[in-house]
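So you can see what is in the structure, the chains are spelled out below.
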Amino acid sequence: MIRGNLRDAILKTWSSERTLTKLLKLILVATGILLVAFFTIYYYNHYIFLGDKPPIEQGLRTLRQHVLAEPGDPTARMQLAAMYFERGEYTQAIEQGESILASNPDSQDALYLVGLAHIQAGSSQKGILLLSRFADLRQDSAMWRTDLQLEEALYYLGAAYIQADQFELARQALSLALEIDRTDADAIFLLGQVYAGLGQVEAAAEQYLSALRYVPDFKAVYLALFHLDSISGHASRLAYAEAGLAYCRQDYATAIEKLVLALEAEPRFVAAYVLLGLAHEGQGESDQARQNLEKALAIEPENFLAQHVLGRISAERGAEAGPEP
């Protein structure tokens with residue numbers, strides 16, 4: 001039952017705005033396409049008449065023509081592959097990237113992009129092979145723990161392993177990703193999904209709650225926690241998950257009602273106090289919000305989210321008060 005829902009959650013994660021934004025940013029940075037495409041499109045749009053096609057189409061046409069004329073130019077092929085990927089044309093992206101890999105099997109940009117394209121196209125095993133090779137090459141660097149592109153590859157590698165029911169390999173990949181960026185809520189969420197798939201309920205719940213410290217309106221995490229505790233029967237976390245779902249749809253009154261129940265069942269539930277503070281803030285009740293955030297910090301003084309929201313409320317109150325006379 002969990003594994004079926006797991007695949008649905010992975011697909012939703014891959015299609016989420018947050019994840020795709022991160023993915024496209026890494027691809028654009030890795031290949032330099034943004035700058036190159038801009039100047040290519042600008043030049044052809046201003047100095048060469050190409051009809052009524054939109055600028056992005058003109059840039060794509062220009063790259064195609066260049067690749068036909070210079071088939072051995074790996075930079076142009078990489079740029080063309082990245083443009084195809086951005087348009088969701090994964091087969092064409094794979095074709096261009098594999099042309100590069102045929103002559104340079106260790107091209108990191110090609111391994112990364114073609115691996116992701118295979119995963120997005122549904123060929124998880126091919127994607128895993130290419131991203132694993134990419135990760136091995138990048139980890140040879142002494143600075144790999146600062147490599148955000150490697151972190152992103154490990155995240156998608158972990159997601160692909162989950163889809164293939166290879167949970168231990170997924171755990172290893174995601175744990176490495178979090179060594180690079182411990183604040184990546186998407187990777188923390190997937191690590192929770194790994195533990196859920198392994199039947200380790202408490203470990204899964206711990207990861208879900210950790211992800212919510214960084215993204216308190218992460219609906220997929222609340223859904224996963226709700227599903228987990230519907231089975232396990234953990235009353236306070238179940239009420240908390242219901243409150244989180246209400247919070248995500250800005251139903252603050254219901255969120256507060258559910259959080260009161262959660263805290264009755266577990267009076268030292270730090271995450272519930274933090275979310276209660278956020279819900280009161282959403283209703284414009286800054287005093288109640290402050291009280292609950294301070295209760296959270298009394299139990300867990302290092303709670304980053306509580307500190308952040310409390311600071312935000314204090315700053316807003318100071319701005320409302322205006323400068324001292």
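(A) Structural view of the packing of helix α9 (residues 148-163) against helix α11 (residues 185-197). For the pair α9 and α11, interaxial distance at closest approach is 10 Å and the crossing angle is 25 degrees. Taken as axis vectors, α9 and α11 run roughly parallel relative to one another. In this structure, α9 meets α11 at a crossing whose hand is left-handed. Only D186, A187, L190, Q193 and V194 of α11 make contact with α9, whose side of the interface consists of E151, Y155, A159 and I162.

(B) Quick look at helix α15 (residues 252-265). The terminal C-alpha atoms of α15 lie 20 Å apart, and with 14 residues this matches the ideal 20 Å at 1.5 Å per residue to within 8%. In this structure, the buried residues of α15 make contact with α14 (235-248) and α16 (270-282).

(C) Geometry of helix α10 (residues 167-180). The end-to-end C-alpha distance of α10 is 20 Å, a good match for the 20 Å that 14 residues give at a rise of 1.5 Å each. The complete set of buried residues in α10 reads F167, A170, A173, L174, A177, L178 and I180. The buried residues of α10 occupy an angular sector of 145 degrees when projected down its axis, which confines them to one face.

(D) Representation of unusual backbone geometry within the structure. The backbone phi angle of D165 is positive, close to 60 degrees, even though this residue is not glycine. Of note, D165 is situated in the loop between α9 and α10. By relative accessible area, D165 is classed as partly exposed at 29%.

(E) Highlighting the pattern of salt bridges. Under the counting rule described, the total for this entry stands at 12 salt bridges. R237 serves as the salt-bridge partner of D229, at 2.9 Å between the closest nitrogen and oxygen. Each member of the pair, D229 together with R237, is buried. The salt bridge involving E242 is made with K258; its shortest N-O contact spans 3.5 Å. On the criterion of sequence distance, the pair formed by E242 in helix α14 and K258 in helix α15 is long-range, its members being 16 residues apart. Accessibility expressed as a relative area gives 28% for E242, which makes it partly exposed.

Rules behind the numbers
- Residues numbered from 1 in each chain as written.
- Predicted model: local features only at pLDDT ≥ 70, side-chain atom pairs only at ≥ 80, totals over all residues.
- Heavy atoms only, no water.
- Axes fitted to C-alpha atoms, helices over the stretch in contact; angles between N-to-C directions.
- Helix = DSSP H or I, 4+ residues; strand = E, 2+ residues; numbered from the N terminus.
- Parallel < 35°, antiparallel > 145°, perpendicular 65-115°, else oblique.
- Left-handed = near helix turned anticlockwise from the far one by under 90°.
- Contact = heavy atoms within 4.5 Å.
- Expected span 1.5 Å × (residues − 1).
- Buried < 20%, exposed > 50% of the residue type's maximum accessible area, 1.4 Å probe, protein only.
- Arc of directions from axis to C-beta.
- Salt bridge = Lys/Arg side-chain N within 4 Å of Asp/Glu carboxyl O.

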